[in-house]
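One-letter residues, chain by chain:
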Amino acid sequence: MSVILKTKEEVEILREGGRRLAEILAKIADSVSSGMSTKELDDLAMMLIEEYGDKPAFLNYTPEGVSYPYPAALCVSINDEIVHGIPNDEVIIQEGDVVTVDLGLIHEGLYTDHAITVAVGKVKKEYLDLIYATRESLSRAIEAAKPGNYTGDIGYAVESYAKEKGYKVVRGLSGHGVGKKVHEDPYVPNYGRPGTGVLLEVGMVIAIEPMLTIGSEEIAVLDDEYTYVTYDGSMSAHFEHTVYIGEDGPEILTQA
Ligand code: MG
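Here is what the cut-offs are and how they apply
- Residues numbered from 1 in each chain as written.
- Predicted model: local features only at pLDDT ≥ 70, side-chain atom pairs only at ≥ 80, totals over all residues.
- Heavy atoms only, no water.
- Helix = DSSP H or I, 4+ residues; strand = E, 2+ residues; numbered from the N terminus.
- Rg over C-alpha atoms; globule rule 2.2 N^0.38 Å.
- Buried < 20%, exposed > 50% of the residue type's maximum accessible area, 1.4 Å probe, protein only.
- Contact = heavy atoms within 4.5 Å.
- Core = buried A, V, L, I, M, F, W, Y, C linked by side-chain atoms within 4.5 Å.
- Axes fitted to C-alpha atoms, helices over the stretch in contact; angles between N-to-C directions.
- Parallel < 35°, antiparallel > 145°, perpendicular 65-115°, else oblique.
- Left-handed = near helix turned anticlockwise from the far one by under 90°.

Trainee: Got a sec to walk through the overall build of the chain? Specific residues and values, please.
Mentor: Along the backbone of the chain there are 4 helices and 15 strands. Here the chain has a C-alpha radius of gyration of 17 Å; the compact-globule value for 256 residues is 18 Å, and the two agree. Principal-axis analysis of the C-alpha atoms places the extent of the chain at approximately 45 × 45 × 35 Å. Scored against the burial criterion, the 256 residues of the chain give a buried share of 53%. A separation of at least 24 residues holds for 71% of the contacts in the chain among residues at least 6 apart in sequence.

Trainee: Which residues make up the nonpolar core, and what values do they have?
Mentor: Core analysis: the biggest nonpolar cluster contains 51 residues, and I28, V101, L103 and I208 have the highest contact counts within it. With 7 residues, the top contributor of residues to this core is helix α3 (residues 125-143). Ignoring sequence-local partners within four residues, the contact set of L103 consists of L21, I24, L25, I28, A45, I49, F58, A73, L74, T112, D113 and H114. Formed by 19 residues, the second largest nonpolar core is a distinct cluster that contains A57, F58, V66 and V178.

Trainee: Just give me the short version of unusual backbone geometry, but keep the residues and values in it.
Mentor: The omega angle of the peptide bond from D185 to P186 is 0°, so this bond is cis rather than trans. Not every positive phi belongs to a glycine, and N79 is a case in point at roughly 60°. Here N79 is to be found in the loop between β2 (74-78) and β3 (81-83). Of note in this structure, E108 is not a glycine but carries a positive phi near 45°. Look at E108 and you get exposed, because its relative accessible area is 58%.

Trainee: Can you explain the packing of helix α1 (residues 8-31) against helix α2 (residues 38-52)? Please cite residues and give values.
Mentor: Closest axis-to-axis distance for the α1/α2 pair is 10 Å, and the angle between their directions is 150°. Classified by the angle their axes make, α1 and α2 are roughly antiparallel. The handedness of the crossing between α1 and α2 comes out as right-handed. Touching R20, E23, I24, K27, I28 and S31 of α1 are L41, L44, A45, L48, I49 and Y52, all from α2.

In structure tokens:
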């Protein structure tokens, strides 16, 4: 395991990249509506990224264990899909859906990563509550991302809050270091014990991304090799920010 600490200059670039990514993803999230295909959302992502003169981070990226490169800029995951749903002309968003849009951006060679879950039209209250709790668990996790704390403190913050609210934390998927690449060390878990794992040091940049579900914490992957779903088909939500561990504490980079 080797964690890459970022220089002040690199953090400055990541701050600008994160700001741009937040603006782009907010526009995408605002445009999510019933009757639209997930491919249309990806087209919008590509168009906005080009407007900024930046590059998509996920397009053509091949994660470990997958046999082909990711074919889009955006991940769009609907309802029981947790992460990495591949945009498709034939997947049409419906009223009542819970939709996660997840996007990585390369700005001046450096990477930021950000995800938001939105409700489409009139959505069951229990799903809105899940979305709210997942966003709140991310806030708790970010508060725990102080220098001197450990990655286990972040995981504990997510898990303890989820448990208190009656949700499960999805197993086998986690946050990660980010900046020079899409995925770097350390592994940033969404569950764990305080004071365990990797020490958080000033200069680290990490993607924190809790994924909660109302049902089973077990996951499965579809035949496309990318789309992760809840094993029992239950609803899930996901929020992600890229966070800089600064001298004064955590700083969210992916905000406008
Ligand atoms: Mg990520």
